[in-house]
Amino acid sequence: MTDGPFNTPILGGKIQAEKFDNHISRALSSMKGQYHDQHAYDAMLAKADTLLYEVYEVCRPEKEGELMSGISIVHPGKVGNEYFMTKGHFHEVLDTAEIYMCLSGKGVMVMETPEGEWSVKDLTPGVSLYVPPRWAHRSVNTGDGEDLVTYFIYPANAGHDYGTIETQGFRKLVVDRGNGTEIIDNPKWVQV
Ligand code: PAN
Ligand code: ZN
């Protein structure tokens, strides 16, 4: 990690993995209980632990004033009728925001607050999304056979609370039941 200014190429072809500090890969087995169709999940996992998404991070010291950034790539596909998606999280420091910029592909960001508000916004190339403080967020690839690639920036001291979502899920799911992309209530949602 350098003390001075630095560049990171993010556009224009293949990701240069060596320019990032961290490469995270999340496969189906890390999403236990997150997809609403448990039968479809089990059947898919029995065949292969499919890679769902990857994150390339530019890491900075986890202190106020610093910014974390990177690239998130959600691969295309579905578990049952539910699109591939990230785990999703609240920031541990709840009062921290995040900016996402869609670089390519097609998707949505599913968001909600602890107070019960929810929102689903499009992720389309060239459009930036502001995720305000307190909003949990999960990106979902609704595209047809194409990666959803986003660039994100958030305060380095934000931290990640995955546990709340793992336990209660998001209030809304993004599915395709044969008529295109739909946002439906999560039948398994429970208040922690
Ligand atoms: C992003 C996310 C990234 C992967 O960097 O961490 O898109 O999603 P999950 O962390 O939910 O697996 C971010 O929102 N950081 O705060
Ligand atoms: Zn975040």
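These numbers were taken from a predicted model, which means no experiment stands behind them.

The rules we used
- Residues numbered from 1 in each chain as written.
- Chains lettered and ligands numbered in written order.
- Predicted model: local features only at pLDDT ≥ 70, side-chain atom pairs only at ≥ 80, totals over all residues.
- Heavy atoms only, no water.
- Donors = N, O, S within 2.8 Å, 3.2 Å for Na, K, Ca; no water.
- Tetrahedral: all angles 85-135°; square planar, octahedral: opposite > 155°, others 65-115°.
- Helix = DSSP H or I, 4+ residues; strand = E, 2+ residues; numbered from the N terminus.
- Buried < 20%, exposed > 50% of the residue type's maximum accessible area, 1.4 Å probe, protein only.
- Near = heavy atom within 4 Å.
- Polar contact = N/O pair within 3.5 Å; in protein donor to acceptor, adjacent residues only side chain to side chain.
- Areas by Shrake-Rupley, 256 points an atom, 1.4 Å probe, with all protein chains shown as cover.
- Nonpolar A, V, L, I, M, F, W, Y, C, P; charged D, E, K, R; others polar.
- Salt bridge = Lys/Arg side-chain N within 4 Å of Asp/Glu carboxyl O.
- Core = buried A, V, L, I, M, F, W, Y, C linked by side-chain atoms within 4.5 Å.
- Phe/Tyr/Trp six-rings, centres within 6.5 Å; stacked < 30°, edge-to-face > 60°.
- Lys NZ or Arg CZ within 6 Å of the ring centre and 35° of its normal.
- Pairing = 2+ DSSP bridges.
- Axes fitted to C-alpha atoms, helices over the stretch in contact; angles between N-to-C directions.
- Contact = heavy atoms within 4.5 Å.

## Considerations on the coordination of the zinc ion (ligand 2)
Line of reasoning, step 1. Here the zinc ion (ligand 2) is held by the protein donor atoms His89 (NE2), His91 (NE2), Glu98 (OE) and His137 (NE2), which lie 2.1 to 2.3 Å from it.
Line of reasoning, step 2. Between the six donor atoms coordinating the zinc ion (ligand 2), the angles at the centre fall across 76 to 171 degrees, so the site counts as octahedral.
Line of reasoning, step 3. In the primary structure, the donors to the zinc ion (ligand 2) are separated according to the pattern H-x1-H-x6-E-x38-H. Within this pair, whereas His91 is found in strand β6 (residues 90–91), its partner His137 is found in strand β11 (residues 136–141), the two being separated by 46 residues in sequence. For the pair His91 and His137, a shared accessibility class is recorded, and that class is buried.

## Considerations on the site of ligand 1
Line of reasoning, step 1. By nearness alone, 16 residues border ligand 1, and Tyr53, Gly88, Tyr100, His160 and Tyr162 come closest of all.
Line of reasoning, step 2. At 3.0 Å from an oxygen atom of ligand 1 is found a side-chain nitrogen or oxygen belonging to His91.
Line of reasoning, step 3. Between His137 and ligand 1, the recorded distance is 3.2 Å, taken from a side-chain N or O atom to an oxygen atom.
Line of reasoning, step 4. Isolated, ligand 1 exposes 400 Å² of accessible area, and the fraction of that covered by the protein chains is 98%.
Line of reasoning, step 5. For the shell around ligand 1, the secondary-structure elements that each account for two or more residues are β2 (51–58), β7 (98–104) and β12 (148–155).
Line of reasoning, step 6. Its residues assigned to classes, the shell around ligand 1 shows six nonpolar, seven polar and three charged.

## Brief notes about the pattern of salt bridges
Line of reasoning, step 1. Tallied over the full model, the rule gives seven salt bridges.
Line of reasoning, step 2. The residue Lys87 makes a salt bridge to Glu166 at a minimum N-O spacing of 3.2 Å. Taken together, the residues span a long stretch of sequence, with Lys87 in the loop between β5 (82–83) and β6 and Glu166 in helix α2 (residues 163–168) at a distance of 79 residues.
Line of reasoning, step 3. For Lys87, a relative accessible area of 13% corresponds to the buried category.

## Observations regarding the nonpolar core
Soluble, globular proteins show a tendency: their nonpolar side chains are buried together.
Line of reasoning, step 1. By size, the foremost hydrophobic cluster in this structure holds 37 residues, and its most contacted members are Met31, Tyr35, Leu52, Val79, Val110, Leu129 and Val140.
Line of reasoning, step 2. In terms of residues, this core owes the most to one element, strand β8 (residues 107–112), which gives four residues.
Line of reasoning, step 3. Core analysis: the next-biggest nonpolar cluster, separate from the first, contains seven residues, Phe20, Val58, Ile73 and Leu103 among them.

## Comments concerning the packing of aromatic side chains
Line of reasoning, step 1. In this structure the tally under the stated criterion is three aromatic pairs.
Line of reasoning, step 2. Both rings, one in Phe20 and one in Tyr56, keep their centres 5.6 Å apart while their planes meet at 55 degrees; by these two values the pair is tilted. Here Phe20 is found in the segment before β1 (22–27), whereas its partner Tyr56 is found in strand β2, with 36 residues between them in sequence. As far as the burial class goes, Phe20 and Tyr56 line up, both buried.
Line of reasoning, step 3. Above the face of the Tyr162 ring, Arg26 is positioned so that its terminal group lies 5.4 Å from the ring centre.
Line of reasoning, step 4. One cation-aromatic arrangement involves Lys87 over Tyr162; the distance from NZ or CZ to the ring centre is 6.0 Å.

## Some words on the sheet that holds β2
Line of reasoning, step 1. Ordered by their spatial adjacency, six strands build an open sheet running β1-β2-β3-β12-β7-β10, and the pairing between neighbours is antiparallel. Among the strands making up the open sheet, the edge pair consists of β1 and β10 (128–131). Each adjacent strand pair in this sheet contributes to an overall mean axis angle of 20 degrees, direction not counted.

## Some thoughts on the environment of Asn157
Line of reasoning, step 1. Within the secondary structure layout, Asn157 lies in the loop between β12 and β13 (160–161).
Line of reasoning, step 2. Between the C-alpha atom of Asn157 and that of Gly65, which follows or precedes it by 92 residues, the distance is 8.2 Å.
Line of reasoning, step 3. When near neighbours in sequence (up to four residues on either side) are disregarded, Asn157 contacts Glu62, Lys63, Glu64, Val93 and Thr96.

Keep in mind that these numbers describe shape and distance, not what the molecule does.
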